[in-house]
Amino acid sequence: VTDHANCHVLPEFFSLCQKHQIKAIAGVEGYYIDDDRYKIALTDEDIDLSDATFVVFDVETTGFSVTFNEIIEIGALKVKNGIILDSFSTFVQPSRPISKVITDLTEITNDDVANAPTIEEVMPKFVEFINDAILVAHNATFDTGHIYYQMKML
């Protein structure tokens, strides 16, 4: 129950929800999207999502810049029809030490990546893992930006 960025306290509503055993969720904001008018995917391909394979992934990096910072971890799950088909997880050895700020943020230390493969070794394996799946990420612009940049560099 919300409007744009504001959660309203509606005691009568929450009382009725409790009475009828309905779980009221405060602060959730959802939108309907007209798929014919607005693009929600970065492709023009018409894909049947009910039978698609997805790779849900996340990267950790030495900083926030695609061009100046490096990937230090990639984790991914390959999913189809709600079933996890495969996983991909690796640390990546950067060319420079990881700063304390990044270690505090990611909990990844220089010891963690000391014997890890380089990005030149990891990216071909990750691209093979992705194959033709649909990529899904929480912070998609950031994560795909780093992945695409590394693919371009290699």
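Reading the values: rules and limits
Residues numbered from 1 in each chain as written. Predicted model: local features only at pLDDT ≥ 70, side-chain atom pairs only at ≥ 80, totals over all residues. Heavy atoms only, no water. Helix = DSSP H or I, 4+ residues; strand = E, 2+ residues; numbered from the N terminus. Buried < 20%, exposed > 50% of the residue type's maximum accessible area, 1.4 Å probe, protein only. Polar contact = N/O pair within 3.5 Å; in protein donor to acceptor, adjacent residues only side chain to side chain. Contact = heavy atoms within 4.5 Å. Phe/Tyr/Trp six-rings, centres within 6.5 Å; stacked < 30°, edge-to-face > 60°. pLDDT = per-residue confidence, 0-100. Pairing = 2+ DSSP bridges. Axes fitted to C-alpha atoms, helices over the stretch in contact; angles between N-to-C directions.

1. Quick word on the side chain of Glu70
Now for step 1: Here Glu70 is to be found in the loop between strand E1 (53–61) and strand E2 (71–80).
Now for step 2: You can call Glu70 buried: its relative accessible area is 18%.
Now for step 3: Within polar-contact distance, the side chain of Glu70 engages the side chain of Ser95 at 2.9 Å.
Now for step 4: Apart from residues no more than four positions distant in its own chain, Glu70 is found in contact with Glu60, Thr61, Thr62, Pro94, Ser95 and Arg96.

2. Some remarks on the packing of aromatic side chains
Now for step 1: For the coordinates displayed, the defined rule picks out six aromatic pairs.
Now for step 2: Taken together, a centroid distance of 5.4 Å and an interplanar angle of 80° make the contact between Phe13 and Phe14 edge-to-face.
Now for step 3: For Phe14, a relative accessible area of 27% translates into the label partly exposed.
Now for step 4: Judged by centre distance (5.1 Å) and plane angle (55°), the ring pair of Phe88 and Phe126 falls under tilted. Of the two residues, Phe88 sits in strand E3 (residues 83–91) while Phe126 sits in helix H4 (residues 119–130), which places them 38 residues apart along the sequence.

3. What to know about the confidence of the model for the chain
Now for step 1: In this model, the chain carries a mean pLDDT of 88, and residues with pLDDT of at least 70 account for 86%.
Now for step 2: Averaged pLDDT values for the elements of the chain fall to 86 in helix H1 (residues 11–19) and rise to 98 in helix H3 (residues 110–113).

4. Quick notes on the sheet that holds strand E4 (residues 134–136)
Now for step 1: Within the open sheet, the four strands sit side by side as E3-E2-E1-E4. Their pairing is mixed. Edge positions in the open sheet fall to E3 and E4, since each of these has one partner strand only. Put simply, the sheet's adjacent strands are angled 20° from each other on average, direction ignored.
Now for step 2: Both E1 and E4 contribute to a ladder of three bridges, which runs parallel. Within E4, the residue paired with Val56 across the bridge is Val136.
Now for step 3: The sheet contacts of helix H5 (residues 140–153) involve E1, E2 and E4, and relative to E1 the element is tilted by about 85°.

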